[in-house]
Amino acid sequence: MGGISIGGVSVSYAGNRIIEKLSLTIKDGAFFTLLGPSGCGKTTLLRTLAGFLPVDAGEILFGNTDVTLWPAHKRDIGMVFQDYALFPDKTVFDNVAYGLRARKRDETTIRARTGEYLERVGLSGFESRRPAELSGGQRQRVALARALVIAPQVLLMDEPLSNLDAKLRVQVRETIRDLQKEAAITTVFVTHDQEEALALSDAIGLMRAGQIEQMGPPVEIYSTPVSAYVADFVGAANVIAATTQAHAGKGADVEVQLASARIVARAVTDVPAGSVQVLARQEDVELHAPDTGSGIPGTVLRRQYLGSRTHYKVRFESDGPVLSVERTGLDHGSIQEGAAVRVVLDKARTLVVPR
């Protein structure tokens, strides 16, 4: 089928430039997620891929075919919307069969394929029901079956799980991923939910102000964020102001001044001397007894017991920055509010980026 190539695309909406000269490549058959907060441009980019919005400049290729100027109905896409967009007056069967009938497939094929995809999404026996008789999760499964039954070249999904409760979101996202893998359809999925992005994606593009801030596999986005923006958006991270006296190249160890202590961390990108930011995931911060020789002295300001884990707020020294720390296991129950501790940042898991 081929992947998607976006080359130097600029897009305006309501007179405002939303995306400026954006380029990226999505591999054939990949599940690619556009992640980011409201207003970052992810839905605009998805709608541009769908052909709903024109480009001001640049090109879009599906495989080797330039579809930049093609209208939506010629792009061979399946689309799943946030609000399901089902026909309220049609049955479940007719909703799913709609795309096949629009393509003038014979009735035998329509019945066979529609029945097959209703079975795949767990809705066999619901053929004669109307959307109003279904739950939110069932409606989203109908929308998914309708998008996939036509065997599109590209599947586009605009926050399809945001209207579902937490338990249903997990169930439907597993269905989405299983069907996408089985069909091997190049998929672009838009969400603001980092857990969805991490759980579903082969690759993530984290957007900021109409550009891709970082793109890569989920483990890379999480473990090696290239900026404080990425670290803070994908998983909770402590972002701490610090300084360094020497330039450090990408991947090098660099000594930084943090409060009154010096620590060694790893440079994610090229880091010039001067003001920097230290990034530390809350689960990567260790709390030791106050008589331990290593670490930075601190005080526990708050403790929240959450069952399998305990969450702490810890202040460096007497007037330093406050860190979030999350520890698992029962052995941390002895650390109470007001306790003196030593805070240890492991250099292999503590990162430095330019300020």
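For the structure, check the block above.
Note that the coordinates shown come from a computational prediction; the quantities given were computed from them, not determined experimentally.

**Quick notes on the side chain of Arg-281**
At step 1: Positionally, Arg-281 belongs in strand β14 (residues 274–281).
At step 2: Lacking a salt bridge, the buried Arg-281 has Glu-283 as its closest oppositely charged neighbour, with an N-O distance of 5.1 Å.
At step 3: Contact partners of Arg-281, with chain neighbours within four places excluded, come to Ile-221, Tyr-222, Pro-225, Ala-231, Val-234, Gly-235, Ala-236, Ala-237 and Asn-238.

**Quick word on the packing of aromatic side chains**
At step 1: Under the defined criterion, the tally for this structure stands at 4 aromatic pairs.
At step 2: Judged by centre distance (5.5 Å) and plane angle (45°), the ring pair of Phe-31 and Phe-189 falls under tilted. With a gap of 158 residues between them, Phe-31 in strand β3 (residues 31–35) and Phe-189 in strand β8 (residues 186–191) connect regions that are remote in the sequence.
At step 3: Look at Phe-189 and you get buried, because its relative accessible area is 0%.

**Things to note about the pattern of salt bridges**
At step 1: Taken as a whole and judged by the stated rule, the model has 16 salt bridges.
At step 2: The salt bridge partner of Glu-213 is Arg-208, with a shortest N-O separation of 3.3 Å.
At step 3: Its relative accessible area of 25% is what places Glu-213 among the partly exposed residues.
At step 4: Ionic pairing is found between Glu-286 and Arg-349, a salt bridge with its closest N-O pair at 3.0 Å. Of the two residues, Glu-286 sits in strand β15 (residues 285–288) while Arg-349 sits in the loop between β19 (340–345) and β20 (351–354), which places them 63 residues apart along the sequence.

**With respect to the pairing of β3**
At step 1: Of all 5 residues making up β3, 5 are buried, and the element is well covered by its neighbours.
At step 2: The side-chain alternation of β3 yields two buried faces, one formed by Phe-31, Thr-33 and Leu-35 and the other by Phe-32 and Leu-34.
At step 3: Alignment of β3 against β8, held across 5 bridges, turns out to be parallel. From the neighbouring strand, Thr-33 faces β8, where its bridge partner is Phe-189.

**Considerations on the sheet that holds strand β9 (residues 203–208)**
At step 1: An order of β6-β7-β8-β3-β9-β10 is seen for the 6 strands of this open sheet, with the pairing classed as mixed. Edge positions in the sheet fall to β6 (77–80) and β10 (211–216), since each of these pairs with one other strand and no more. Taking each pair of neighbouring strands and ignoring which way they run, the sheet shows an average axis angle of 20°.
At step 2: Each of β6 and β7 (154–158) is contacted by helix α4 (residues 136–148), which is oriented at about 175° to β6, the strand it contacts most.

**With respect to the nonpolar core**
At step 1: In terms of nonpolar packing, the biggest core is built from 34 residues, with Val-80, Val-142, Leu-144, Leu-148, Leu-155, Met-157 and Ile-176 touching the most fellow members.
At step 2: Elements supplying a minimum of two residues to this core: α2 (92–102), α3 (107–120), α4, β7 and α5 (166–183).
At step 3: It is α4 that contributes the most residues to this core, 6 residues altogether.
At step 4: Once residues within four sequence positions are removed from consideration, Met-157 is found in contact with Leu-46, Val-80, Leu-144, Ile-176, Thr-187, Val-188, Phe-189 and Val-190.

**Quick notes on the sheet that holds strand β4 (residues 57–62)**
At step 1: Reading across the sheet, the 4 strands line up as β2-β1-β4-β5 and stay open at both edges, with antiparallel pairing between neighbours. Each end of this open sheet is capped by a strand with a single partner; those strands are β2 (16–26) and β5 (65–66).
At step 2: Note: strand β1 (residues 4–13) against β4, 5 bridges, orientation antiparallel. What sits directly across from Ser-5, in β4, is Leu-61.

**Digging into the packing of α2 against α3**
At step 1: Packing of α2 against α3 brings their axes to within 9 Å, and their N-to-C directions diverge by 125°. Classified by the angle their axes make, α2 and α3 are oblique. Where α2 crosses over α3, the handedness of that crossing is right-handed. Facing Val-92, Phe-93, Val-96, Ala-97, Leu-100 and Arg-101 of α2, the residues of α3 in contact are Glu-107, Ile-110, Arg-111, Arg-113, Thr-114 and Leu-118.
At step 2: Here the residues of the contact of α2 with α3 sort into 7 nonpolar, 1 polar and 4 charged.

Definitions and limits used
- Residues numbered from 1 in each chain as written.
- Predicted model: local features only at pLDDT ≥ 70, side-chain atom pairs only at ≥ 80, totals over all residues.
- Heavy atoms only, no water.
- Helix = DSSP H or I, 4+ residues; strand = E, 2+ residues; numbered from the N terminus.
- Buried < 20%, exposed > 50% of the residue type's maximum accessible area, 1.4 Å probe, protein only.
- Lys, Arg positive; Asp, Glu negative; His and termini not counted.
- Salt bridge = Lys/Arg side-chain N within 4 Å of Asp/Glu carboxyl O.
- Contact = heavy atoms within 4.5 Å.
- Phe/Tyr/Trp six-rings, centres within 6.5 Å; stacked < 30°, edge-to-face > 60°.
- Pairing = 2+ DSSP bridges.
- Axes fitted to C-alpha atoms, helices over the stretch in contact; angles between N-to-C directions.
- Core = buried A, V, L, I, M, F, W, Y, C linked by side-chain atoms within 4.5 Å.
- Parallel < 35°, antiparallel > 145°, perpendicular 65-115°, else oblique.
- Left-handed = near helix turned anticlockwise from the far one by under 90°.
- Nonpolar A, V, L, I, M, F, W, Y, C, P; charged D, E, K, R; others polar.

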